[in-house]
Structure formats: C-alpha cells, structure tokens
Amino acid sequence: MSYDVFEDDKLHDECGVVGIFLNKKSDSSAKKEYKAYSAKDFNAATLAYYALYALQHRGQESAGIAISDGKEMKLHKGKGSTAEVFNQENLESLTGNIACAHVRYATAGNKSPENAQPMMQGTKLGDIAVAHNGQLVNYEQLREMLEESGCTFQCNSDTEVILKLIARSYKKGLERALIDTIQMIKGSFSLVIMTDDCVIGARDPNGIRPLCLGEVDGGWMLASESCAFDALNGNFVRDIKPGEIVMINKEGVTSYEFGEKTSKHTCVFEYVYFARPDSIMDGIPVNVARERMGACLAKESGVPADVVIGVPDSGLSAAQGYAKATGIPYASGLIKNRYIGRTFIAPTQRERENMVFVKLNAVRSVVDGKRVVVIDDSIVRGTTSRRLVQILRRAGAKEVHFRIASPPVKFPCYFGIDTPTRNELISNKHNVAEICKEIGADTLAFISAKGMLEACRECNPEAFGFCEGCFTGVYPMSVPGEIHGKKL
Ligand code: AMP
C-alpha cells in the first residue's frame, strides 16, 4: 500500500493479493469442469488473472501480475481494474509457473502509477516481487534508515521499503532476509513475495489483514480471500496464522513462525464491509456474520415496519438477518448499478453525493406507501445514507428507518482500510440523533460494538480477537497521535 503524508490523518489503500505456485501436472482426477481450460490456459498468470477478478472488490485502482518461469521474472501492471489492465496479448506474454499478483484500491490524490503493485526489483538474491495488503506504521523510520544507508526510492509506498529491506539482507539467504525484514516492519501486512523459484506468504503478528492458503489443480495458491480459490475451482486449505510465513516451492509448503509474540486482532471491518460475503475468513463465513449482525440489530433496535430492504451489496446479508429475526418481509428495494465502482472513488463531496443517485435506485413497487427499514453496513461520511433517504422518499416510502450493522465510525484506520480524514467522519462530530436529523431519516440506530463482535464470534467460537480501532480509537499497537491500549 502507499502513502501521501502519514500525518494527514488520511487513510490509504486496501488491496487484494494473490500467489500461485504450479508444480504438478494437472490432476486427471480433478474436478471435471476445470478441464474446460486448455493446457495453454494452465499458466500461473491466467490463474492469477482469474483470481484478481475474484478479488476485484478489494481494489480497482490498479492491477498487476508478476510471473516467473524459474529463470526469468516478468511483470505487467497498470492503472485500472483487471479488465482494463490485462488483454490477451499482455497476458500471453506472461508465461511461467509462479505468480504474484495484486489489486489496489483508489484513494483521492494517491493514484500515481508508480504505486501500482506488485513491486519488483533485481537483488543479489535474484529478482524479487512483492504484493502487500496493509499499512506499516513505522514506514517513515524505516525509509529514513534505508535512505541514510544509500537506498533510493521510486515512489512513496511502504511496499518498496519491504522490498529494499529484503534486498539489503541478502547475505544471510532468502529465509533469513525474510524473517529479518518481517521482524523489522510494524503495522498490518499480508504479503505475497515471489522469487525465481518460490512464492511466500506472510501475515503480520496481529493477523489484521486476511491471507489464506488454497490448492488448485496443479499447485498451490495464496489469496486475501477464499472466494479466489472458488473462482479457480480450487480448495481452501487453511488461513495463514498471525505471525506465520509459508514458503511454497517444488518441495511443497513449509511454515515458519517468525518468533514474535502473536495476538489476534483481525480487522472487524473486513466482516462488516470489505470482504465478499461468500468468503470464509479465519473460520467465519462473512455472509453468516453479517446475517447475525442484522439479527442483533433487530434485537437491539427493532421498529414496526412493513418491509426490510438492504443497501447492495454489503448491507444485504444483514437485512436478511434482520427480516428473519423480526418476521417483517424482506425485499429487494434498492438496485445497484453494477457498472460503476465504489463511491469513494469520486474525489469531491458533491461528486460523491451525486454518484449515489447513479449508483443506487429504489424499486417503487417495494417501498411505495410503506414503512421501510433500510439496513446498511456502515455510515462513514453520511453521503450514502443522506441520498438514500431522498431516493426512498422520492419512491413513495412513508417512513424510513435506518439501521446500521456497525457502530459509528469515529476514528481513522492506520492498518489499511481507506476511511476519510477524521473531520469528515460524521460520527466523529455528531451523535446519533444529530446524524438522524442530518440524513433525514425517521429513526436511526447503530449496532452495539458488543453485538457486532458477538455476531462474528458466534460463527466461530475460536475466532480471533478483533481490531475495532475505527470504532473505539483503541488500536492493537501504537500509531502516531493515537491511544495505544488494550480493551479489557
Ligand atoms: P458514506 O456514504 O461516506 O457514509 O459511506 C458509507 C458507505 O460506503 C457504506 O454504504 C459502505 O458500504 C461504504 N463504505 C464503507 N467503508 C468504505 C471504505 N473504506 N471504502 C469505500 N466504501 C466504504
């Protein structure tokens, strides 16, 4: 991920990462449908390309694939979505059995093409490519240290710092260089690193961002979310543990723990908003967690109504959970235009507000003359909810009751979720009654933090602890200008 200026209190990019290692011949007993791909298609770059499609929701600003055939490494990356960056020609030029790939999210003012990933560099250990999801909190210190020792940088990305640190430690060999680097970097990181002959996955000691291991016909795969394995008709094997490095080469998969004390602070916003509902993360099916959040909202702040609707896509599961818990009929009352990206891509407030009209519309026959409960996953700036109330009233809704499947977002994220500046966060400045008035709803309620966490834990009692810094301002480690604390 990449930086403007850290102190600007501006949150930065989310991403999706992929690693592929093909080492076996295609298994003839493998699922039949998979055989629809020809031998030519059975290339790590093609698989990485499909996987990036599956992870496209994690980033649409840039996409890239680095590939190795064991001798040479090649890279193609650019601005835009997977479909915009890749075509038959450039994909065919990427031949090899090992891939490292990345999709990156847009943030205003931070779109320079040099920040696209994977980042690749020739080192004394051979070529290395790195794809990173997360954000380092000690980026500035590390960069300063590297610059003092003579390193030069192409861009303002913390991923480049990781690459330089690995390159610098080459004398001790790859494994040691990796472990040393990973022990120096602090913050959130799910990394996929590729050398000429292996692919490596690493997850930070708090397990803030997701990373999992899967098996595809012919080899192994790493991905931010399990939905990427399904897209390749592969199998989920397991989540990478916090503080674990897995090295995949022709010998198979080797796991290392990088010594540091690990704890469990998975980002709860992944379950609330960011992840795809068909993914399973750390044993928690995202869709089920969201349904439970909806049921919890019904318990905590139910309201008499005629119909329950959800804001597509991330509000739908919670709306279904709410409807099931209350017995109020669920209907598709809002339709999303599938052909535009996420609203945050519009850089100005006015553009963002008008984009909501383009992005979402109400189904008059569902809401006309009705008392409507509308469920969304979160309120950040308040842009979407303000416009949605207008859209629903315009379509004849008699009452609009907003229910939100996460607590008020009051604090920035320093670990890789793109939230706006603190001043722009509506809940940082206003209480629930004021926000309700501001968005023009009849009533408004947010789920409690306890309810949200329980919804996740109920899905997997062994589930990790969570980072809820954006709701509480309490982060799993020190971040500049914020409180470092542990919730009891
Ligand atoms: P807002 O309109 O600013 O209140 O943003 C809330 C909407 O944006 C919700 O409907 C979410 O689905 C979505 N959202 C929440 N967090 C993010 C994020 N980090 N990036 C992009 N969209 C988000």
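Scoring rules and cut-offs
- Residues numbered from 1 in each chain as written.
- Predicted model: local features only at pLDDT ≥ 70, side-chain atom pairs only at ≥ 80, totals over all residues.
- Heavy atoms only, no water.
- Buried < 20%, exposed > 50% of the residue type's maximum accessible area, 1.4 Å probe, protein only.
- Helix = DSSP H or I, 4+ residues; strand = E, 2+ residues; numbered from the N terminus.
- Pairing = 2+ DSSP bridges.
- Arc of directions from axis to C-beta.
- Contact = heavy atoms within 4.5 Å.
- Polar contact = N/O pair within 3.5 Å; in protein donor to acceptor, adjacent residues only side chain to side chain.
- Near = heavy atom within 4 Å.
- Areas by Shrake-Rupley, 256 points an atom, 1.4 Å probe, with all protein chains shown as cover.
- Nonpolar A, V, L, I, M, F, W, Y, C, P; charged D, E, K, R; others polar.
- Axes fitted to C-alpha atoms, helices over the stretch in contact; angles between N-to-C directions.
- Parallel < 35°, antiparallel > 145°, perpendicular 65-115°, else oblique.
- Left-handed = near helix turned anticlockwise from the far one by under 90°.
- Salt bridge = Lys/Arg side-chain N within 4 Å of Asp/Glu carboxyl O.

## Quick notes on the pairing of strand β7 (residues 187–194)
At step 1: With eight of eight residues buried, β7 lies mostly within the body of the structure.
At step 2: Pairing geometry for strand β6 (residues 126–136) and β7, over eight bridges, is antiparallel. Bridge pairing in β7 places Q135 opposite S188.
At step 3: Hairpin geometry of β7 and strand β8 (residues 199–203) is characterised by an intervening segment of four residues between the two adjacent antiparallel strands.

## Regarding helix α15 (residues 432–439)
An α-helix turns once per 3.6 residues; consequently, residues spaced three or four apart project the same way.
At step 1: Among all positions in α15, only I435, C436 and I439 are buried. For α15, the angular spread of the buried residues around the axis is 105°, confining them to a single face. Opposite its buried face, α15 presents the exposed residues A433 and K437, each directed more than 90 degrees away.
At step 2: The inward-facing, buried residues of α15 abut α13 (383–394), β21 (399–404), α14 (426–429) and β22 (443–446).
At step 3: With a side-chain oxygen positioned 3.2 Å from the backbone nitrogen of A433, the residue opening α15 is N431.

## A look at the site of the ligand
At step 1: Not every one of the 17 residues close to the ligand is listed here, only the nearest: D376, D377, G382, T384 and D418.
At step 2: Contact between the ligand and D376: an oxygen atom at 2.6 Å from a side-chain N or O atom of the residue.
At step 3: D377 is positioned such that a nitrogen or oxygen atom in its side chain is 2.6 Å from an oxygen atom of the ligand.
At step 4: Coverage of the ligand by the protein chains reaches 94% of its 500 Å² of free accessible surface.
At step 5: Taken together, the elements giving at least two residues each to the shell around the ligand come down to α8 (268–274) and α13.
At step 6: Classifying every residue of the shell around the ligand gives seven nonpolar, five polar and five charged.

## A short note on the environment of L52
At step 1: Locating L52 in the fold gives a position in helix α1 (residues 44–54).
At step 2: What makes L52 buried here is its relative accessible area of 0%.
At step 3: For the pair L52 and T82, spaced 30 residues apart in sequence, the C-alpha separation works out to 6.6 Å.
At step 4: Not counting chain neighbours up to four residues away, the residues in contact with L52 comprise V18, A63, G64, I65, T82, F86, A101, H102 and V103.

## What about the packing of helix α4 (residues 139–148) against helix α5 (residues 158–168)?
At step 1: For the pair α4 and α5, the least separation of the axes is 10 Å and the interaxial angle reads 45°. Judged on the interaxial angle alone, α5 and α4 are oblique. The chirality of how α4 crosses α5 is left-handed. Between α4 and α5, the contacting residues are Y139, L142, R143, M145 and L146 on the first element and D158, V161, K164, L165 and R168 on the second.
At step 2: Of the residues contributing to the contact of α4 with α5, the split by class is six nonpolar, no polar and four charged.

## Looking at the environment of I447
At step 1: When you line up the elements, I447 lands in the loop between β22 and α16 (449–459).
At step 2: Along the sequence, I447 and M293 sit 154 residues apart, while their C-alpha atoms lie 7.5 Å from each other.
At step 3: Setting aside its immediate chain neighbours within four residues, I447 contacts M293, C296, L297, E300, I404, A405, S406, P407 and M452.

## Some words on the pattern of salt bridges
At step 1: Taken as a whole and judged by the stated rule, the model has 22 salt bridges.
At step 2: The partner of R143 in a salt bridge is E147, with the nearest N and O atoms 3.1 Å apart. Here the residue R143 and the residue E147 both occupy positions in helix α4, the gap between them amounting to four residues, near one helical turn.
At step 3: Across the pair R364 and D368 runs a salt bridge, and its minimum N-O distance is 3.9 Å.
At step 4: Classification of R364 as partly exposed rests on a relative accessible area of 44%.
At step 5: Among the charged side chains, a network of salt bridges with common partners joins R58, R209, E225 and E270.

## Here's the deal with the pairing of strand β4 (residues 98–104)
At step 1: For β4, the tally of buried residues reaches seven of seven residues, placing the bulk of the element in the interior.
At step 2: The two faces of β4 match: I98, C100, H102 and R104 on one face and A99, A101 and V103 on the other face are all buried.
At step 3: Of the strand pairs in this sheet, strand β1 (residues 15–22) and β4 are connected by seven bridges, and their pairing is antiparallel. Along β4, the bridge assignment pairs V17 with H102.
At step 4: Note that strand β2 (residues 62–68) and β4 share seven bridges and pair antiparallel. Residue pairing across strands places A63 opposite V103, the latter belonging to β4.

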